[in-house]
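Observations on the three-dimensional arrangement
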Amino acid sequence: MSQIIDGKAVSAKVREGLKGKAAELTAKGVKPGLAVVLAGDDPASAVYVRNKEKAANELGFYSKMIKLPSDVSEEELLNIVRELNNDDAIHGILVQLPLPKGLDEKKVIAEISPEKDVDAFHVQNVGKIMLGEYDFLPCTPAGVMELLKEYGIQTRGKNAVAIGRSNIVGKPMAMLLMHADATVTICHSKTENLADITRRADILIAAIGKAKFITGDMVKEGAVVIDVGMNRDENNKLCGDVDFDSVSEKASFITPVPGGVGPMTIAMLMKNTVKSAENKLLKRG
Ligand code: GUN
């Protein structure tokens, strides 16, 4: 049986640590401010965004929630981003993805000021991540690294396999693991003999988007399994990309869904917002 990695507890600990920092910044006249923009009515996005707003409020941030209809024009959305770029009370801007059809994600992300890009999606921040010079760490991969650290899981020299090559998770995850001295393999939907590769993983990161895709036979005995998935199973119950029952028989550590990586993404977003407010204070001198 494996040890369950409690993302909820680690997230609470990180957020508790940020509370004091947020209060200090507020006392110095820079109350951390986070703007969350949600376009459209995707129910999963609505839940994520609500959780982000709630976390920001609990930490005493100034939080601004902007909800837009799914037929919002690109120009209107770009104008809102521009306004937030110029708003001194806002240190972090997050535009929830995916955007409704017809809106160009690349164009919208490019408009976000890199100094306020707390998702670390802007090309300037992505480039820095590649070079290992971070202003902001990408939230979900950073959350995974924090969990590994918290549970004393070594990455140096280990075979880490990420399944999924998205800009949000797979690619930046590979970078962070590589910077942490792991030997990294990225697999994706076109990978041949996937199970042969996953069975060699000391650390397996599942970011596929398919319910219970990773089964016990695909996992090495004693592997650390991190589940980034957020799906609904046949009974409409929340589940990850990992078949928890069969994989937990073999893994040494495993993250549950919910309560694993999800809460960490939010904690890292809060951390980036505090960092951005700190940067602002430093600039002000
Ligand atoms: N959609 C799914 N995950 C994320 C995230 O971390 N940030 C944003 N902006 N959108 C997302």
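Here's a quick rundown of the structure. (Residues numbered from 1 in each chain as written. Predicted model: local features only at pLDDT ≥ 70, side-chain atom pairs only at ≥ 80, totals over all residues. Heavy atoms only, no water.)

1. Points about unusual backbone geometry
The phi angle of most residues is negative, glycine excepted, and most peptide bonds adopt the trans form. Convention followed: Helix numbers and strand numbers start at the N terminus; a helix is a DSSP run of H or I with at least 4 residues, a strand a run of E with at least 2. When a residue's accessible area, from a 1.4 Å probe over protein chains only, is under 20% of the maximum for its type it is buried; when over 50% it is exposed; and in between it is partly exposed.
That bond from L97 to P98 is cis: its omega, 0°, falls within 30 degrees of zero. Among the structural elements, P98 can be located in the loop between β4 (92–95) and α4 (105–111). Although it is not a glycine, A120 adopts a positive phi angle of roughly 60°. Locating A120 in the fold gives a position in the loop between α4 and α5 (123–131). Among the residues examined, A120 registers a relative accessible area of 4% and is labelled buried. Even without being glycine, N236 reaches a positive phi, approximately 65°.

2. Describing the packing of helix α1 (residues 7–27) against helix α10 (residues 261–284)
Rules: Between N-to-C directions, angles span 0 to 180 degrees; the directions come from axes that are lines fitted to C-alpha atoms, helices contributing only their stretch in contact. By the definition adopted for this analysis, an angle is roughly parallel if under 35 degrees, roughly antiparallel if over 145, roughly perpendicular if from 65 to 115, and oblique otherwise. We call a crossing left-handed when the near helix sits turned anticlockwise from the far one by less than a right angle, and right-handed when that turn is clockwise. When checking whether two residues touch, look at their non-hydrogen atoms; a contact exists if any pair is within 4.5 Å. Ten residue types, Ala, Val, Leu, Ile, Met, Phe, Trp, Tyr, Cys and Pro, are classed as nonpolar, four, Asp, Glu, Lys and Arg, as charged, and the remainder, Gly among them, as polar.
For the pair α1 and α10, the least separation of the axes is 9 Å and the interaxial angle reads 20°. Relative to α10, the element α1 lies roughly parallel. Like other packed secondary-structure pairs, α1 and α10 cross with a definite hand, here left-handed. Contacts between α1 and α10 pair G7, K8, V10, S11, V14, R15, L18, K21 and L25 from the former with P263, M264, A267, M268, M270, K271, V274, A277, E278 and L281 from the latter. The residue inventory of the contact of α1 with α10, partitioned by class, reads 12 nonpolar, two polar and five charged.

3. What to know about the pairing of strand β8 (residues 224–227)
Heads up, the rule is: Paired strands, as defined in this entry, are two strands with at least two bridges between them according to DSSP.
Every second residue of β8 is oriented toward a common face, with V224 and I226 on one face and V225 and D227 on the other, all of them buried. Pairing analysis gives four bridges linking strand β7 (residues 203–206) to β8, with the strands arranged parallel. In the sheet register, L204 faces β8, and the bridge partner there is V225. Across two bridges, β8 lies against strand β11 (residues 253–254) in parallel orientation.

4. Here's the deal with the site of the ligand
Condition: Being near a molecule or strand, for a residue, comes down to having at least one heavy atom within 4 Å of it. Each polar contact in these results corresponds to two N or O atoms within 3.5 Å; when the atoms are within protein, one needs to be able to donate a hydrogen and the other to accept it, and residues that are neighboring in sequence are counted only if both atoms are side-chain atoms. In short, Shrake-Rupley with a 1.4 Å probe defines the accessible areas, and a residue's cover is counted only from the protein chains shown.
As a structural note, the neighbourhood of the ligand is formed by K52, L94, V95, Q96, L97, D119 and F121. Interatomic distance of 2.7 Å between a side-chain N/O atom of D119 and a nitrogen atom of the ligand. Relative to its free-state accessible area of 280 Å², the ligand is covered by the protein chains to the extent of 84%. Class assignment of the residues belonging to the shell around the ligand gives a composition of four nonpolar, one polar and two charged.

5. Structural notes on the sheet that holds β4
Taken in spatial order, the three strands line up as β3-β2-β4 in an open sheet, and their pairing is parallel. Looking at strand neighbours, the two that pair on one side only are β3 (62–68) and β4, the edges of this open sheet. Strand-to-strand twist of the sheet, defined as the mean angle between neighbouring strand axes without regard to direction, takes the value 15°. In this fold helix α3 (residues 74–85) packs onto β2 (33–39), β3 and β4, with an angle of close to 170° to the strand it touches most, β3.

6. Comments concerning the pairing of β2
Filter applied, for reference: For crossovers, right-handed means that the path from the first strand over the helix to the second runs clockwise, given strands pointing away from the viewer.
Counted residue by residue, β2 has seven buried out of seven residues, so it is predominantly covered. Every second residue of β2 is oriented toward a common face, with G33, A35, V37 and A39 on one face and L34, V36 and L38 on the other, all of them buried. Strand direction decides the pairing type here: β2 and β3, joined by seven bridges, are parallel. Bridging across to β3, V36 finds its partner in M65. With helix α2 (residues 43–58) bridging β2 and its parallel neighbour β3, the resulting β-α-β unit is right-handed.

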